[in-house]
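Listed below, chain by chain, are the residues.
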Protein chains: 2
Amino acid sequence: MIDTQLTAARKGQITPAMAAVAQSEGLDAEIIRQGLARGVIAIPCNPAHACLQPRGVGQGLAVKVNANIGTSPDRCDPAEERQKLQAALEAGADAVMDLSTGGDLVAMRRQIIAACPVPVGTVPIYQAAVEITGQGKGVVDLSADDLFRVIEQQAVEGVDFMTVHCGVNMAALERLRLEGRVTDVVSRGGAFMACWIIKNQAENPLFAQYDRLLDICRRHDVTLSLGDGLRPGCLADATDRAQITELITLGELTQRAWDAGVQVMIEGPGHVPLNQIVTNIQLQKRLCHDAPFYVLGPLVTDVAAGWDHVACAIGGAIAATAGADFLCYVTPTEHLALPGPKDVYEGVITTRIAAHAADVARGRAQSVARDRQMAQARAAMDWETMMSLCLDPKTARAMREGSRPQEDEVCTMCGKFCAVRLMRDYLHPERKKV
Amino acid sequence: MIDTQLTAARKGQITPAMAAVAQSEGLDAEIIRQGLARGVIAIPCNPAHACLQPRGVGQGLAVKVNANIGTSPDRCDPAEERQKLQAALEAGADAVMDLSTGGDLVAMRRQIIAACPVPVGTVPIYQAAVEITGQGKGVVDLSADDLFRVIEQQAVEGVDFMTVHCGVNMAALERLRLEGRVTDVVSRGGAFMACWIIKNQAENPLFAQYDRLLDICRRHDVTLSLGDGLRPGCLADATDRAQITELITLGELTQRAWDAGVQVMIEGPGHVPLNQIVTNIQLQKRLCHDAPFYVLGPLVTDVAAGWDHVACAIGGAIAATAGADFLCYVTPTEHLALPGPKDVYEGVITTRIAAHAADVARGRAQSVARDRQMAQARAAMDWETMMSLCLDPKTARAMREGSRPQEDEVCTMCGKFCAVRLMRDYLHPERKKV
């Protein structure tokens, strides 16, 4: 059997993936190996994903950004999905999840894996749901074999990480029922499992047969992304007994995965009031023994529809500063419609701002240095260097070109009243250009 | 002499402005009066601003949002400025500052005051600078009389609050020189005063003759917005000795203003790493005895050009949660160009998301209730109510209409796989529509 990055790390081996991550992070490969061995770093890296340039997620690494793409039953255009993938990559996404639920799912996923140099994630139950509803049955009619067949298929194809809602079990669902939530379950996969449990009066197969899942992941080095199926769908439901019960289960499943040599990340909320975000991060880190934390937002308000990428950036920046390792973007169309390529681009850039702000706040040397270089370029009115240091040079250049100043040194905001130039001329006249 | 809102409050009077603010905040007018009397609430409300509907800023009130509009020497179109004012108001700005430095400044300002139902702020030294440079001289050639003449003129016209850089004095400038900053001074008004001091080797008239300023503000009930002329222009300069020296001076000037019956707000940074924001807020509140705090951002990274409204929303949400009272927006074109109407709209909405997230985090009952109502509407798939509760219904409606689902209950993100509907059907079948 192959080694996973985790089992290799435990044997003291530095794999090519570890070396590549070490180089891109500017860290010693031995640091990466130690983090992997402890489980606090994951490198989602399925050997069957041929064109992958591995990225690491976790303690001591730069905060990473994921972009969700994929079709829906109502909007299904393979060409648009290719554009969305390109938009995500152009904007600098560190990972892409194919969440397709419309059209030919297998063809879509193979196309994405073949074209995507960053890790690719999926939620296998979506394919299982599409297949069974295509037979005129319901999601609640799925068998355990249906589910594991799809998981194995996707592992063979090269999916690097999979979201599985193993923590939505009968005990957690009972906590949810007694809690009396406003928005019950808003995770699609979580809702599938919850309805399955209610209808079948039986335990979630992904929980009951977790070892079967671990076996597949171990053989293909698929990183588990333990989904938070009961994540709060509104601020009023945040940090409640149902959410924390599921998180405790995910912590136990994390240790079982590590024992089986399988890499793990934990997914997190969701909709969370700003003042509860740090608590959520500390709780996850403690309950899951510092496993990498992959947060979906968190969104700091429920009323920002049309601008949820901004609500997500606010929450994501705070979460990542407090220790979250991986931010799942949200696009402007969240809660309203499936995103298009422009929405994907905006979502990635916005989330990268949050990730970078957190890297700076956490004192990551390369990130701090980038901001300082930008400040020095501003002081020198060196526009070319400013543009090259922007997180989104394309947009920045277009804005400047769309409103040209009369003098190249300044911009149209202040024109001849530019504070930076005034200060240079009076405080540092020796720097004046001749 | 007229009473200011502050002197009236001290006499135990509840003015019409206090009553209006109390009603819009859902608070007892006596609470507003007490806050005004202590200086922890300001109601910028010049009696000459005839169409003003007063807003309050400060302790216990909803966080407010300001939009900067106005021309520059390089981009000066009165019609566009009218559009920018309308965009700011449509997006829900609580205040507007006219920062014009191009064209006919007096006409522009009068037009804005006449059309603007929210408080109008200015930076009078801009007009003084435009006038003196129009005479072929430099900003450094301004006299104290030039400055105070402009301030008096704007007070008579009805400006509700004025930013004055009184804290940029010789002592603070010496701290800046010894500090060795990366971006020295990035505030326009701050740079004007700093250069004036350097060139004239004399003290800032706004500091040296502060009582003259107080006299004008006292007679017209102009609220002082004590500008942070030495605010950091990059993360590397944040919270340094120059900034804090100026802030200590602003604290002393705050008490002198209160003693003179003049309302005061304090302006704050600027560019600040995320992990220093709470410190900045606590420091301002303590050094300025809980005077209302008006923050410009803070921007949590220097490299977000093209998306600085997002960097601003992240910082603003954290600052307001920690106690900042008033958020000055930043638009997408910050650091690149003068904003247009669309940029103004985006800047206001983005900053309102930050303000609202902070109101929720601070436990403001009306704000928490709004998010809960939105969550209830989502659970009920009641789209009309969802739209009406959005901070930006126009944009949200357009996104939904641009991507219509096959079934009206859901959206094109999940279509028939809608988690909310699945949960209703299995967990709450009694709620199913017939």
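Values in this document were obtained by computation on a predicted structure and should not be read as measured data.

Draft legend 1. Geometry of the UniProt feature "binding site: [4Fe-4S] cluster" (unreviewed entry) in chain A. According to UniProt, the "binding site: [4Fe-4S] cluster" (unreviewed entry) feature falls on A:Cys411, A:Cys414 and A:Cys418. Relative to the helices and strands, A:Cys414 resides in the loop between helix H18 (393-401) and helix H19 (419-427). For A:Cys414, a relative accessible area of 17% corresponds to the buried category. With residues up to four places along the chain from it excluded, the contact list for A:Cys414 reads B:Pro73 and B:Arg188. Topologically, A:Cys418 is positioned in the loop between H18 and H19. In contact with A:Cys418, other than residues within four places in its own chain, are A:Met381 and A:Val410.

Draft legend 2. Here's a closer look at the side chain of B:His165. Residue and element names in this part refer to chain B. Looking at the element boundaries, histidine 165 is found in the loop between strand S6 (161-164) and helix H8 (170-179). At 3.4 Å, the side chain of histidine 165 forms a polar contact with the side chain of serine 187. Filtering out sequence-adjacent residues up to four positions away, histidine 165 remains in contact with Val123, Ser187, Gly189, Gly190, Met193, Asn204, Leu206, Gly227, Asp228 and Gly229.

Draft legend 3. Broad picture of the state of the cysteines. Applying the stated criterion across every chain yields a total of zero disulfides over all chains. With no disulfide of its own, A:Cys390 lies closest to A:Cys411 among cysteine sulfurs, the gap being 12 Å.

Draft legend 4. Molecular detail of helix H19 (residues 419-427) of chain B. When H19(B) is considered as a whole, its buried residues turn out to be B:Ala419, B:Arg421, B:Leu422, B:Met423, B:Arg424 and B:Leu427. Those residues of H19(B) that are buried lie in contact with helix H8 (170-179) and helix H9 (188-200) of chain A.

Draft legend 5. Expanded view of the interface of chain A and chain B. The partner chain B presents 98 residues to the 98 residues of chain A that form the contact. The contact between chain A and chain B buries some 8,300 Å² in all, and 73% of this surface belongs to carbon and sulfur atoms. Interface area lost by chain A to chain B is led by A:Val303, A:Trp307 and A:Phe417, which between them contribute 10%. For the pair chain A and chain B, the number of links is zero salt bridges. For the side of chain A that touches chain B, the element with the most residues is helix H15 (residues 341-361) of chain A, which contributes nine residues.

Draft legend 6. View of the UniProt feature "binding site: Zn(2+)" (unreviewed entry) in chain A. Mapped onto this numbering, the UniProt entry gives "binding site: Zn(2+)" (unreviewed entry) at A:His271 and A:His335. The annotated residues occupy 65 residues of the chain but converge on a single region, no pair of C-alpha atoms lying more than 12.1 Å apart. Inspection of the secondary structure assignment puts A:His271 in the loop between strand S8 (264-268) and helix H13 (277-287). A polar contact of 3.5 Å, which involves the side chain of A:His271, links it to the backbone oxygen of A:Gly233. When sequence neighbours within four positions are dropped, the list of residues in contact with A:His335 reads A:His271, A:Leu299, A:Asp308, B:Arg378, B:Trp383 and B:Cys411. In terms of polar contacts, A:His335 uses its side chain to reach the side chain of A:His271, at 3.3 Å.

Draft legend 7. Region of the structure containing the sheet that holds strand S7 (residues 223-226) of chain A. All names here are of chain A. Here eight strands make up a closed barrel; going around it, the order is S3-S4-S5-S6-S7-S8-S9-S10 and the pairing parallel. In this sheet, neighbouring strand axes are inclined to one another by 25 degrees on average, regardless of whether the strands run parallel or antiparallel. Note: strand S9 (residues 293-296) against strand S10 (residues 326-328), three bridges, orientation parallel. Looking across to S10, one finds that valine 295 is bridged to leucine 327.

Draft legend 8. A look at the packing of aromatic side chains. Residue and element names in this part refer to chain B. All chains considered together, the criterion is met by ten aromatic pairs over all chains. Ring geometry for phenylalanine 161 against phenylalanine 326: centres 6.2 Å apart, planes inclined by 65 degrees, an arrangement best described as edge-to-face. Placement of the pair is phenylalanine 161 in strand S6 and phenylalanine 326 in strand S10 (residues 326-328), with a sequence separation of 165 residues. Of the residues examined, phenylalanine 326 reaches a relative accessible area of 2% and is grouped as buried. Arranged with centres 4.2 Å apart and planes meeting at 20 degrees, the rings of tyrosine 294 and phenylalanine 326 form a pair that is stacked. Taken together, the positions of tyrosine 294 in strand S9 (residues 293-296) and phenylalanine 326 in strand S10 put the pair 32 residues apart, joining distant regions of the chain. With respect to burial, tyrosine 294 and phenylalanine 326 carry one shared label: buried.

Draft legend 9. Up close: the sheet that holds strand S7 (residues 223-226) of chain B. Read around the closed barrel, eight strands run S3-S4-S5-S6-S7-S8-S9-S10 (chain B), paired in parallel fashion. Across the sheet, the axes of successive neighbouring strands diverge by a mean angle of 25 degrees, strand direction being ignored.

Draft legend 10. Focus on the domain arrangement of chain A. Residues and elements named next belong to chain A. As far as domains go, chain A holds domain 1 (44-55 + 62-363) and domain 2 (366-431). Each partner contributes residues to the interface: domain 1 has nine residues there, and domain 2 has eight residues. Between domain 1 and domain 2 lies a buried interface of about 760 Å² when both sides are counted; carbon and sulfur atoms form 59% of it. At the boundary of domain 1 and domain 2, one finds one salt bridge. As a salt-bridge pair, lysine 394 and glutamate 90 come within 3.1 Å of each other at their nearest N and O atoms.

Draft legend 11. How the structure looks around unusual backbone geometry. All names here are of chain A. Residue proline 269 is joined to glycine 270 through a cis peptide bond whose omega torsion reads 15 degrees. You can see glycine 270 is positioned in the loop between S8 and H13. Phi is positive for aspartate 221, which is not a glycine, with a value near 45 degrees. Residue placement: aspartate 221 occurs in the loop between helix H11 (210-220) and S7. Note on aspartate 221: relative accessible area 2%, which makes it buried.

What counts as what
- Residues numbered from 1 in each chain as written.
- Chains lettered and ligands numbered in written order.
- Predicted model: local features only at pLDDT ≥ 70, side-chain atom pairs only at ≥ 80, totals over all residues.
- Heavy atoms only, no water.
- UniProt positions renumbered as here; feature names shortened; annotations may be inferred.
- Helix = DSSP H or I, 4+ residues; strand = E, 2+ residues; numbered from the N terminus.
- Buried < 20%, exposed > 50% of the residue type's maximum accessible area, 1.4 Å probe, protein only.
- Contact = heavy atoms within 4.5 Å.
- Polar contact = N/O pair within 3.5 Å; in protein donor to acceptor, adjacent residues only side chain to side chain.
- Disulfide = S-S within 2.5 Å.
- Buried area = accessible area lost by both parts, 1.4 Å probe.
- Salt bridge = Lys/Arg side-chain N within 4 Å of Asp/Glu carboxyl O.
- Pairing = 2+ DSSP bridges.
- Axes fitted to C-alpha atoms, helices over the stretch in contact; angles between N-to-C directions.
- Phe/Tyr/Trp six-rings, centres within 6.5 Å; stacked < 30°, edge-to-face > 60°.
- Domains from an automatic or database assignment.

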